[in-house]
Amino acid sequence: IFGNSVFTSSYGGKSLLFDLAKNSDEFSVNQKWENKQEGYMSSPIVIDGYCYLHLRKQRMTCIDMKSGETKWISSESFGKYMSMVSNGKEILALDEDGTLYLIDPNPEKFVIKESRKISDSPTWAHLAVSGNQLFIRELESLACYSW
């Protein structure tokens, strides 16, 4: 959700922003913009009007939510799956190989502030946050970290 709009990105598709409005007793949906970038197995993070998204082509991207313009695509490749969460100031992204990235939400360039290998087994499940605790589901265990 972005204001009165809904953002979606799909495998084998594209990224789209739809405006929603209520007129009398009806709702209307109008496409505001589309972008060729395809999200893949990841929830997007929206901070300060910019969407940060893991792509089908295993890269990260930043999309301007107002215009739909791609601000950048990372040159660095990640795994097929990436789980992302945010505290509104930074993004934590967990790659399928067990590497946790701390990403600066910067619309001008892709910035990894820090990375750390936290699991030797696959980490396919979505990150879970409760307060300052971060829960990571490994293949055969559950780990908890302070953020």
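Residues numbered from 1 in each chain as written. Predicted model: local features only at pLDDT ≥ 70, side-chain atom pairs only at ≥ 80, totals over all residues. Heavy atoms only, no water.

(A) Expanded view of the state of the cysteines. Applying the stated criterion across every chain, the model contains zero disulfides. In this model C62 remains outside any disulfide bridge; the closest cysteine sulfur is found in C51, 7.8 Å from its own. (Disulfide = S-S within 2.5 Å.)

(B) Structural context of the sheet that holds strand β8 (residues 82–86). Read from one edge to the other, the open sheet built from four strands follows the order β8-β9-β10-β11, with strand pairing classed as antiparallel. Only two strands of the sheet have a single partner each, and these edge strands are β8 and β11 (111–117). Each neighbouring strand pair of the sheet contributes to a mean axis angle of 20 degrees, computed without reference to strand direction. (Pairing = 2+ DSSP bridges. Helix = DSSP H or I, 4+ residues; strand = E, 2+ residues; numbered from the N terminus. Axes fitted to C-alpha atoms, helices over the stretch in contact; angles between N-to-C directions.)

(C) Just the packing of aromatic side chains, in detail. For the structure shown, the criterion picks out six aromatic pairs. Aromatic pair F78 and Y101: ring centres 5.0 Å apart, planes at 85 degrees, arrangement edge-to-face. Residue F78 is located in the loop between β7 (70–73) and β8, and its partner Y101 is located in strand β10 (residues 99–104); the two are separated by 23 residues in the primary sequence. Seen in terms of ring centroids, F78 and F110 are 6.0 Å apart; in terms of plane orientation they differ by 80 degrees. Their pairing is edge-to-face. Of this pair, F78 sits in the loop between β7 and β8 while F110 sits in the loop between β10 and β11, and the two are 32 residues apart along the sequence. Grouped by ring-pair contacts, the aromatic residues Y52, W72, F78, Y101 and F110 constitute a single cluster. (Phe/Tyr/Trp six-rings, centres within 6.5 Å; stacked < 30°, edge-to-face > 60°.)

(D) Seen up close, the pairing of β8. Of all five residues that make up β8, four are buried, and the element is covered over most of its length. Taken together, the five bridges between β8 and strand β9 (residues 91–95) define a ladder with antiparallel strand orientation. Of the residues in β9, the one forming a bridge with S86 is I91. As consecutive antiparallel partners, β8 and β9 are separated by four residues, and within that stretch G88 has a phi angle of approximately 90 degrees, a positive value. (Buried < 20%, exposed > 50% of the residue type's maximum accessible area, 1.4 Å probe, protein only.)

(E) Main features of the sheet that holds strand β2 (residues 15–23). The strand order β1-β2-β3 describes an open sheet built from three strands, whose pairing is antiparallel. Looking along the sheet, the strands with just one partner apiece sit at the ends: β1 (5–9) and β3 (26–35). Geometrically, the sheet is characterised by an average inter-axis angle of 25 degrees between neighbouring strands, direction not taken into account. Summarising the sheet, β2 and β3 pair through nine bridges and their orientation is antiparallel. Bridging from a neighbouring strand, A21 pairs with S28 of β3.

(F) Structural context of the pairing of β10. For β10, the tally of buried residues reaches five of six residues, placing the bulk of the element in the interior. Relative to β10, β9 runs antiparallel, the two being bridged by four bridges. Bridge assignment links L94 to a residue of β10, and that residue is L100. Counted between consecutive antiparallel strands, the loop separating β9 from β10 contains three residues, among which G98 sits at a positive phi close to 90 degrees. Two strands pair when backbone bridges link them, and β10 and β11 are joined in this way by six bridges, in the antiparallel orientation.

Remember that the coordinates give geometry; whether it matters functionally is a separate question.
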